[in-house]
Amino acid sequence: MAVEVTSAPMEVEPESRAQRVAREQNASLPWVEKYRPKQMDELVSHEEIISTITRLIDAGKLPHLLLYGPPGTGKTSTVLACAHKLYGKHFASMVLELNASDDRGIDVVRDQIKEFVSTRQMYTTAPKMVILDEADNMTSAAQFALRRVIEKYTKNARFCLICNYASKIIPALQSRCTRFRFAPLSQEQAMSRTRVVAEAEGVKVADHGLEACIRLGIGDMRRCLNILQSTHMAFGQVTELHVYQCTGSPMPADVEQVLRWLLQEDFVTAFNNIWQLMTGKGLALQDILTELHNHVLLLEIKDQIKKAMLVASLSDVEHRLSVGTSEKLQLGGLVGIFQEAAKGIAAA
């Protein structure tokens, strides 16, 4: 005799207030933090560096580290992933992280850092980790004080220094660390991660929108995701036009038009046309100059010396803009540079 067994429907537990608050906080996070890699296998670039650090961790021979390179290339994410791999649920008690928002003068090195590394955790032989983000902003006195602390407490802790410019770290600290340089991400690496985030957030992408985010990100993963999120929030759909409008960057077609004016029009006409374009679309001369440089490198110029002099003159204009000079005056100088060089240039 067959007996039919019916299972009662499972009751779904109601969401607690704490769970709801945690979910809402996670939803409101910037995508840069929300999708920051937590594990070593989630990192999308610098496979050689990551594999080397992983082998050192597995062998229990992790040295002091100095990670340097442009912003947004995965330096902090790599270190935090290493720390999570090392300590797991004990991460909070084993890691001291100080960044640019913290006071990192000589008193912090003598007191807070020294107090943290002078003790060991019970029931574990793993050394603690001190992460000094943007270490190139530390004062020279603090760096010299840190030199002795690193030597004295090597048995208890490992130090990881993260900076954009290794030249701003004193040689005495550099010699005590294993150095790894993080290069800007390739377009393929940035695209793969950006596409993952876009799909997870349900972003509507059309007309080469992601490609525009990657192009303007220039190898900076943080910038790519910020551009993606800003465009999505502003327009609801990520297209190439929306990306350029959101960031205020000149469209490639606008840059090509500017180059034609510079090469083919007289001084007054070129100056007026470019100035009207800048004021009409809210473009900065600095951004136009950056994009213009890439187009100049592709020009066919008979005399390569003239091409080199043209690029050098563009760098002079960029330098003058960086110290706060008038955009209108520098635009006149830019037009004048091309007027002088126009005879030796044949546009591609």
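Just so it is clear, the model here is predicted, and its values are computed rather than measured.

Caption draft 1: Representation of the packing of aromatic side chains within the structure. Inspection of the entire model under this criterion finds one aromatic pair. Relative to F271, the ring of F267 lies with its centre 6.3 Å away and its plane at 10°, an arrangement referred to as stacked. Of this pair, F267 and F271 both sit in helix α14 (residues 267–281), four residues apart, roughly one helical turn. For F267, a relative accessible area of 36% corresponds to the partly exposed category. Judged by its relative accessible area of 15%, F271 falls in the buried class. In this arrangement the basic side chain of K128 is found over the ring face of F116, its NZ or CZ atom lying 4.4 Å from the centre.

Caption draft 2: Representation of the pairing of strand β1 (residues 65–68) in the model. Here β1 shows a buried face lined by L65 and L67 and a second buried face lined by L66 and Y68. Bridge analysis of β1 against strand β4 (residues 157–163) gives four bridges, and the strand direction is parallel. Bridging from a neighbouring strand, L65 pairs with C160 of β4. In this sheet, strand β5 (residues 178–181) lies alongside β1 in parallel orientation, the contact comprising four bridges. Among the inter-strand pairings, Y68 is bridged to a residue of β5, identified as R181.

Caption draft 3: How the structure looks around the pattern of salt bridges. Here the structure, examined in full by the defined rule, presents seven salt bridges. For K34, the salt bridge goes to E201, with nearest N and O atoms at 2.9 Å. In this pair, K34 sits in helix α2 (residues 31–34) while E201 sits in the loop between α9 (187–200) and α10 (209–217), placing the two residues 167 residues apart along the sequence. For E201, a relative accessible area of 23% gives the class partly exposed. Between K85 and D58 there is a salt bridge, with the nearest N and O atoms lying 3.7 Å from each other. Within this pair, whereas K85 is found in helix α4 (residues 75–87), its partner D58 is found in helix α3 (residues 47–58), the two being separated by 27 residues in sequence. A network of salt bridges, in which partner residues are shared, links R148, E151 and R176.

Caption draft 4: Representation of the sheet that holds β4. With parallel pairing, the five strands of this open sheet are ordered in space as β2-β3-β4-β1-β5. Looking at the sheet topology across the chains shown, the edges are occupied by β2 (95–98) and β5. Direction aside, the axes of adjacent strands within the sheet are offset by 15° on average. Both β2 and strand β3 (residues 128–132) contribute to a ladder of four bridges, which runs parallel. Bridging from a neighbouring strand, E97 pairs with I131 of β3. Running at roughly 170° to β3, α4 makes contact with β1, β2, β3 and β4 of the sheet. Contacts from helix α6 (residues 106–117) reach β2, β3 and β4, with the element oriented near 160° to β2.

Caption draft 5: The arrangement of the layout of surface pockets in detail. Taken as a whole, the largest pocket encloses approximately 530 Å³ of empty space. Along the wall of the largest pocket there are 30 residues; nearest its centre are R36, G72, G74, S77 and R222. Those elements giving two or more residues to the lining of the largest pocket turn out to be α2, α4, β4 and α11 (221–235). Class assignment of the residues belonging to the lining of the largest pocket gives a composition of 13 nonpolar, nine polar and eight charged. For the second largest pocket, the calculated volume is near 240 Å³. Every residue along the wall of the second largest pocket is listed here: R215, L216, I218, R223, S249, P250, D287, T290, E291 and N294.

Caption draft 6: Structural view of the side chain of T54. Here T54 shows up in helix α3. Reaching out from T54, the side chain makes a polar contact with the backbone oxygen of I50 at a distance of 2.7 Å. Ignoring sequence-local partners within four residues, the contact set of T54 consists of M40 and K85.

Scoring rules and cut-offs
- Residues numbered from 1 in each chain as written.
- Predicted model: local features only at pLDDT ≥ 70, side-chain atom pairs only at ≥ 80, totals over all residues.
- Heavy atoms only, no water.
- Phe/Tyr/Trp six-rings, centres within 6.5 Å; stacked < 30°, edge-to-face > 60°.
- Helix = DSSP H or I, 4+ residues; strand = E, 2+ residues; numbered from the N terminus.
- Buried < 20%, exposed > 50% of the residue type's maximum accessible area, 1.4 Å probe, protein only.
- Lys NZ or Arg CZ within 6 Å of the ring centre and 35° of its normal.
- Pairing = 2+ DSSP bridges.
- Salt bridge = Lys/Arg side-chain N within 4 Å of Asp/Glu carboxyl O.
- Axes fitted to C-alpha atoms, helices over the stretch in contact; angles between N-to-C directions.
- Contact = heavy atoms within 4.5 Å.
- 1 Å grid on protein atoms, 1.4 Å probe; cavity = no way out; pocket = protein on both sides within 12 Å on 5 of 7 lines; lining within 4 Å.
- Points joined across faces, edges and corners; volume = space filled by probe spheres on them.
- Nonpolar A, V, L, I, M, F, W, Y, C, P; charged D, E, K, R; others polar.
- Polar contact = N/O pair within 3.5 Å; in protein donor to acceptor, adjacent residues only side chain to side chain.

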